[in-house]
Each structure stands twice: as C-alpha cells, then as structure tokens.
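Residues per chain are reported as follows:
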Amino acid sequence: MDTLIRDALIITQNRNREIIRGDILIEDGKISKVAKSIHGGAEERIDASGKLAFPGLVNAHTHIPMSLFRGYAEGMRLHDWLEKKIWPAERRLKPAHVRAGSLLGILEMVRSGTTCFNEMYIAHMDEVCGAVLGSGMRASVGFGMFDLARKTSPEEEFKNGKSLAEKWSGKSPLLNISMAPHAPYTCSEELLLLAKEYARRNCLRLHIHVSETRKEVFDSLQQKGKRPIEYLHSLGMLDSETVLAHGSWVTKRESVLVGKSGASLSHNPVANLKLATGGICPLREYLEAGANICLGTDGTASNNSHNMLETMKFAQLLQSHLYWDPLRISIQQVWDAATINGAKALGFNSGSIGPGKEADIVLADLRSCNLAPLHGPPSLFFSLHPGNITDVLIAGNPVLSEGKFTSLDEGKIIEEAQRQAEGLVGD
Ligand SMILES: [Zn+2]
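Each residue is numbered by its place in its chain's sequence as written, counting from 1. In keeping with the model being predicted, local features are shown solely for residues with a pLDDT of at least 70 and side-chain atom pairs are shown and tallied solely at 80 or more, while totals for entire chains, interfaces and linings include all residues. The basis for the side-chain values is all heavy atoms of the structure; hydrogens and waters are excluded.

1. Comments concerning the overall build of the chain
Here comes step 1: Across its full length, the chain holds 15 helices and 17 strands.
Here comes step 2: Each radius of gyration is computed over the set of C-alpha atoms, and the globule rule expresses the reference value as 2.2 Å times the number of residues to the power 0.38. Against the globule reference of 22 Å for 427 residues, the chain gives a C-alpha radius of gyration of 21 Å, in line with a compact fold.
Here comes step 3: With a 1.4 Å probe rolled over the protein chains alone, any residue whose accessible area is under 20% of its type maximum counts as buried; one over 50% counts as exposed, and the rest are partly exposed. For the chain, buried positions account for 59% of its 427 residues.
Here comes step 4: Whether two residues touch is decided by their heavy atoms; if any such pair falls within 4.5 Å, the residues are in contact. Taking as baseline every contact in the chain between residues at least 6 positions apart, the subset at least 24 positions apart corresponds to 73%. Secondary structure is summarised from DSSP: a helix means a run of H or I of at least four residues, a strand means a run of E of at least two, and numbering begins at the N terminus for each.

Structure, rendered in structure tokens:
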C-alpha cells in the first residue's frame, strides 16, 4: 500500500540533518520521496499539518518480558532485589508470562515513538519473536546466555542462542537475531568465544552487558587482570557487529578500544540512575574515540519505562551535569544516538527519513500545551511526551493511527499483563 504523509514538519535526520516542512511518500514499506510538495495519488493519505514527523526511535538495549516486573519490589538494593525478588520470579517464568510481558513492552514502546528495539532475555524467546512478528514491530532479538550464573555448560547455553538463530533468522525483514552472551562476569571465556565465532560466521550482531557497576570492574581486575572492556578486546570480541550495553565504569583507554573497533555502545541513563550504579557513561570520550553511541531504556524492572523520549532527555542532562557544560553532548548528537546510530548498531536501514529508507516514522501533534511555543524543533525531545504521539508507521504499516492501535488490542494486552504478573510474582 502506498501512503502519502502531507504537510508535516519533518526532522529528517538525513545527511545534512535537514528540518523541512513537506510531504513523505511511502511505497512498498520504504520511503520513496521527501519533498516540499508531492503530487500524485497514493492509496492512503495522512494529513500531518500541525504535526511533527521524526524517524522512529531505536531502543538499543532492553529486556521486554521484564515489563511484568514494572514497579515490583521497589526501594531495594540491587543485590537483594535480584536475589530475593527478580531471580526467584524469573525461575517461575512460563511462555505465557513472556508473551504477555513482550506485548505490553511493545505497546508502550510504540506509544512513546519507538519502532525498533534490541532485545536480550533469558527464557522462552520464541514468544518474544512471535510478539515482534505479530505486532509489526522491528527488533533484534537474542537469547541471553550465561553459563557461570546458571551453572550450566558453555555448550548448553550456546545451544539456546544457536537454536533461536536457526529457527527465526530470515523469517522476516523486521526481525534480526543476535547472539547475546549476558556479560563477561556471567559467561565463561569458552561461551563468549563460541557466541562470537557463531555470530561472525552467520553475520549476526553480538549484544552484551559490560562495565555496568564498579564491583564488576574490581572483580574483573582481580580475576582476569584486565578491565571488562580490555578483556573483551583481548578475546577479539569488539568489532562493528558488537553492541555493548552500559560501559559506564570505563577508563579512557577502554573508550578508545571501543571507538577503534567500531563497536556500538548503548547508554542507558535511567536504568543506571535507578539501580544507583554510580558511574555515568562518559559519552563525550566515546564520541571523541569514534564509537557509535546509541541509547536504551534497559528493562522496565530497572527503569519503570520504555520511554525513549525520556531517555534522550536524561542522556543530555546527565552529560551536561557531569561536565558542568550544556554543550558537552549536543541536542543533535542525542537525536543521532536515538535514531540513525541505533539503526546502524542493529543492522537496519532505518533511523532517518529519506529516499530508500525503511518507512519507520512517528507523528506527534504539535498543538499541545507542553510543546508551545515552538522555538526549535530539535530540542523538542526535552518536552515531548507519549501523549503527543498520534501515528506510528513501521515499514510503512500504520501500527498506531490517530492514537489507536490498528491491530493490537491494547485493552486486552494490558489486562492479560496484569493477570500474568499477579500469577508470576504472587505478592
Ligand atoms: Zn540490561
């Protein structure tokens, strides 16, 4: 189906980062033309006068089944929270829980302008992939493998990741499968190498947590004589197909290793603050080293939200605060991190509005009190909220239209998530 979006104020994120008022023509799921005025017929027309159009946001690190844990067991220290609450509940996970949490996470992401996400979780991953395909969302999904923490063998854990890749790779252009060893401290060297070798051979991304806490760095130095990113580098795990999550507690040398390797790094500012991890990811150092910086929410158990608009705001404010300098990371760099950089990290041809790009487009109503007066469109993420978003197209398919989901039953998904969450945590 061809769609013409008329008269929008467009943050294109194209090569020149142009902001124009105009039309967007979508043919066969891709953007075919962006111009001041496009004449000719299209089967579907969307009147976007008074609206902002921007590329769908890319959430570069999350665990969407954990949506069922939103608000569960608040106000606890990380260690207690994991050992007494989250891990026991996760041991009870059934496919229906993962399905319900995934659909809830997808609903929330779409409502807040996200069209693509980078997922890692530890059980029933077929349900996550099914939810992605059933909803029309775009995602990169990996099975979270961890032999040390789960006390299994590297081969057994690797089999989980490999089976997911064999079953779902190539099923849809909207779904990429990644290899997702959980972290250097939860995976043996053997498992890390098995995962990377398989990813390389099959052109898959590798998604891994690293240097989230100071304890992790101390333990790594004690046990391996290397900091976590140095350790991954020594194993040959850093390259342009690797997506690192967090990377907060790092030395300048480590940020240079990431930059030189071409690896991507997902900064997850809200989750870092929520879990009180102390370290703030030094985005400027990474950017100076040439790293591909992206943004993520992490799971809602450690954030409470999948709202990438909020994440963009936190990312910019935290860097300004950290360096006593509001120019330390620019507004444009934040847009880049949340759009084109994320798409590049996950291997999708999306993240900007221009000819040949995937038609992942978000429309927001500018006639809203929280957005008036309109001074500078690029800074709008400081005040945009999900309530402003009216339409979300993914591969040209209107998943959200005039504030309503076109095929997902929002009420039913929320109800089911509540039911499954109550059954899972039981308190
Ligand atoms: Zn995470």
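Having seen the model, we can carry on.
2. Considering the nonpolar core
Here comes step 1: The nonpolar core is taken to be a set of buried Ala, Val, Leu, Ile, Met, Phe, Trp, Tyr and Cys residues, with the residues joined through side-chain atoms within 4.5 Å. Judged by nonpolar contacts, the single largest core of 104 residues is most densely connected at Leu 52, Phe 54, Phe 69, Val 141, Met 179, Tyr 286 and Met 312.
Here comes step 2: Among the elements that take part in this core, helix α2 (residues 95-111) stands out by supplying seven residues, more than any other.
Here comes step 3: How far each domain reaches was decided by an automatic or database domain assignment. Each of two domains, domain 1 (3-55 + 352-405) and domain 2 (57-346), supplies a minimum of three residues to this core.
Here comes step 4: Apart from residues no more than four positions distant in its own chain, Met 312 is found in contact with Leu 57, Leu 295, Val 334, Trp 335, Ala 338 and Phe 381.

3. Section: the domain arrangement of the chain
Here comes step 1: Taken domain by domain, the chain comprises domain 1 (3-55 + 352-405) and domain 2 (57-346).
Here comes step 2: Using C-alpha coordinates to define each centre, domain 1 is positioned 28 Å away from domain 2.
Here comes step 3: By definition, the buried area sums, over both parts, the 1.4 Å-probe accessible area that each loses when the two are put together. Counting each side, the surface lost to burial between domain 1 and domain 2 is near 2,400 Å², with a carbon and sulfur contribution of 67%.
Here comes step 4: The largest share of the area that domain 1 buries against domain 2 comes from Phe 381, Phe 382 and Phe 405, three residues that together contribute 29% of it.

4. Here's the deal with helix α9 (residues 252-261)
Here comes step 1: Turning to α9, its buried residues are Glu 254, Ser 255, Leu 257, Val 258, Gly 259 and Ser 261.
Here comes step 2: On the buried face of α9, the contacting elements are α8 (228-234), β11 (242-246) and α11 (283-288).
Here comes step 3: One or two residues past the end of α9 sits Gly 262, with phi positive at roughly 80°.

5. A look at the packing of aromatic side chains
Here comes step 1: Classification of ring pairs uses Phe, Tyr and Trp, with its six-membered ring standing for Trp, and accepts pairs whose centres are within 6.5 Å; under 30 degrees between planes counts as stacked, over 60 as edge-to-face, and the remaining range as tilted. For the structure on display, the rule yields five aromatic pairs.
Here comes step 2: With 5.5 Å between their ring centres and 65° between their planes, Phe 54 and Trp 335 make a pair best called edge-to-face. Note that Phe 54 is positioned in strand β5 (residues 51-55) and Trp 335 in helix α13 (residues 331-338), a separation of 281 residues in sequence.
Here comes step 3: Phe 54 sits in the buried class, given a relative accessible area of 0%.
Here comes step 4: Judged by centre distance (6.0 Å) and plane angle (80°), the rings of Trp 335 and Phe 381 are edge-to-face. Placement of the pair is Trp 335 in helix α13 and Phe 381 in the loop between β14 (361-365) and β15 (389-394), with a sequence separation of 46 residues.
Here comes step 5: Taken together, the ring pairs connect Phe 54, Trp 335, Phe 381 and Phe 382 into an aromatic cluster.
Here comes step 6: The ring of Tyr 231 has Lys 224 lying over it, and the distance from NZ or CZ to the ring centre is 4.6 Å.
Here comes step 7: Whether a charge sits over a ring comes down to the Lys NZ or Arg CZ being within 6 Å of the ring centre and within 35 degrees of the ring normal. It is Arg 328 that lies over the ring of Tyr 323; its NZ or CZ is 4.0 Å from the centre.

6. Remarks on the coordination of the zinc ion
Six octahedrally arranged donors around a metal ideally form angles of 90 or 180 degrees; four tetrahedrally arranged donors ideally form angles of 109.5 degrees.
Here comes step 1: All of the protein donors around the zinc ion are His 61 (NE2), His 63 (NE2), His 209 (NE2) and Asp 298 (OD); their distances to the metal are 2.1 to 2.3 Å.
Here comes step 2: The rule for donors is simple: an N, O or S atom within 2.8 Å of the metal counts, and for Na, K and Ca the reach is 3.2 Å. Water is not among the atoms, so a site may look short of donors. Square planar and octahedral assignments, for four and six donors respectively, both demand that opposite donors be over 155 degrees apart and that all other angles lie between 65 and 115; tetrahedral needs four donors with all angles between 85 and 135 degrees, and anything else is irregular. Between the four donor atoms coordinating the zinc ion, the angles at the centre fall across 79 to 177°, so the site counts as irregular.
Here comes step 3: Each donor residue of the zinc ion belongs to the same chain, with the gaps between them written as H-x1-H-x145-H-x88-D. Residue His 63 is found in the loop between β6 (57-62) and α1 (78-91), and its partner Asp 298 is found in the loop between β13 (292-295) and α12 (308-323); the two are separated by 235 residues along the sequence.
Here comes step 4: A residue is classified by how much of its surface remains accessible, and Asp 298, at 4% relative accessible area, is buried.

7. Overview of the side chain of His 246
Here comes step 1: By secondary structure assignment, the location of His 246 is in strand β11.
Here comes step 2: The class for His 246 is buried, based on a relative accessible area of 0%.
Here comes step 3: At a separation of 3.2 Å, a polar atom in the side chain of His 246 contacts the side chain of Asn 272.
Here comes step 4: Definition of a polar contact: a pair of N or O atoms within 3.5 Å, with one able to donate and the other able to accept a hydrogen when the atoms are protein atoms, and with sequence-neighbouring residues admitted only if both atoms are side-chain atoms. In terms of polar contacts, His 246 uses its side chain to reach the side chain of Asp 298, at 3.1 Å.
Here comes step 5: When sequence neighbours within four positions are dropped, the list of residues in contact with His 246 reads His 61, His 209, Val 210, Ser 211, Glu 212, Leu 265, Ser 266, Asn 268, Asn 272, Cys 281 and Asp 298.

8. A look at unusual backbone geometry
Here comes step 1: Omega for the peptide link from Ala 372 to Pro 373 comes to -5°, which places this bond in the cis form.
Here comes step 2: Examined against the element boundaries, Pro 373 turns out to sit in the loop between β14 and β15.
Here comes step 3: A positive phi angle, near 60°, is found at Ala 73, a position not held by glycine.
Here comes step 4: Relative to the elements of secondary structure, Ala 73 occurs in the loop between β6 and α1.
Here comes step 5: The buried category is assigned to Ala 73, whose relative accessible area is 17%.

9. Some details on the packing of α12 against α13
Here comes step 1: Note on geometry: axes are lines fitted to C-alpha atoms, helical ones only across the stretch in contact, with angles between N-to-C directions running from 0 to 180 degrees. Two elements in contact, α12 and α13, have axes whose closest approach is 10 Å; the angle formed by their N-to-C orientations is 140°. Taken together, α12 and α13 sit at an angle that is classed as oblique. The two elements α12 and α13 meet at a crossing, and its hand is right-handed. Here α12 contributes Met 308, Met 312 and Gln 316 to the contact with α13, which in turn contributes Val 334, Trp 335 and Ala 338.
Here comes step 2: In this classification, Asp, Glu, Lys and Arg are treated as charged, Ala, Val, Leu, Ile, Met, Phe, Trp, Tyr, Cys and Pro as nonpolar, and every other residue, Gly included, as polar. Across the contact of α12 with α13, the residue classes tally to five nonpolar, one polar and no charged. Put simply, angles under 35 degrees are roughly parallel, angles over 145 are roughly antiparallel, angles from 65 to 115 are roughly perpendicular, and the rest are oblique. Left-handed describes a crossing whose near helix is turned anticlockwise from the far helix through less than a right angle; right-handed describes the clockwise counterpart.

10. Section: a negative patch on the surface
Here comes step 1: A patch is a set of surface residues, each over 30% in relative accessible area and not in a salt bridge, joined within 9 Å for like charges and within 5 Å for the nonpolar side chains Val, Leu, Ile, Met, Phe, Trp and Tyr. Here the Shrake-Rupley method, with its probe set to 1.4 Å, supplies the accessible areas, and only the displayed protein chains count as covering residues. For this document, the term salt bridge refers to a Lys or Arg side-chain nitrogen within 4 Å of an Asp or Glu carboxyl oxygen. Charge counting follows a simple rule: Lys and Arg are positive, Asp and Glu are negative, and His as well as the terminal groups are ignored. Charge coordinates come from a single atom per side chain, which is NZ of Lys, CZ of Arg, CG of Asp or CD of Glu. Taken together, the side chains of Glu 155, Glu 156, Glu 189 and Glu 190 present a region of like negative charge at the surface.
Here comes step 2: Listed by contribution, the elements that provide at least two residues to the negative patch are α5 (154-168) and α6 (189-201).
Here comes step 3: Mapped onto the elements, Glu 155 comes out in helix α5.

11. Re the side chain of Ser 261
Here comes step 1: Relative to the helices and strands, Ser 261 resides in helix α9.
Here comes step 2: On the accessibility criterion, Ser 261 (19% relative accessible area) is buried.
Here comes step 3: For Ser 261, the side chain forms a polar contact with the main-chain nitrogen of Ala 263, separated by 3.1 Å.
Here comes step 4: In this view, Ser 261 contacts Leu 238, Asp 239 and Ser 240; residues no more than four positions away in its chain are not counted.

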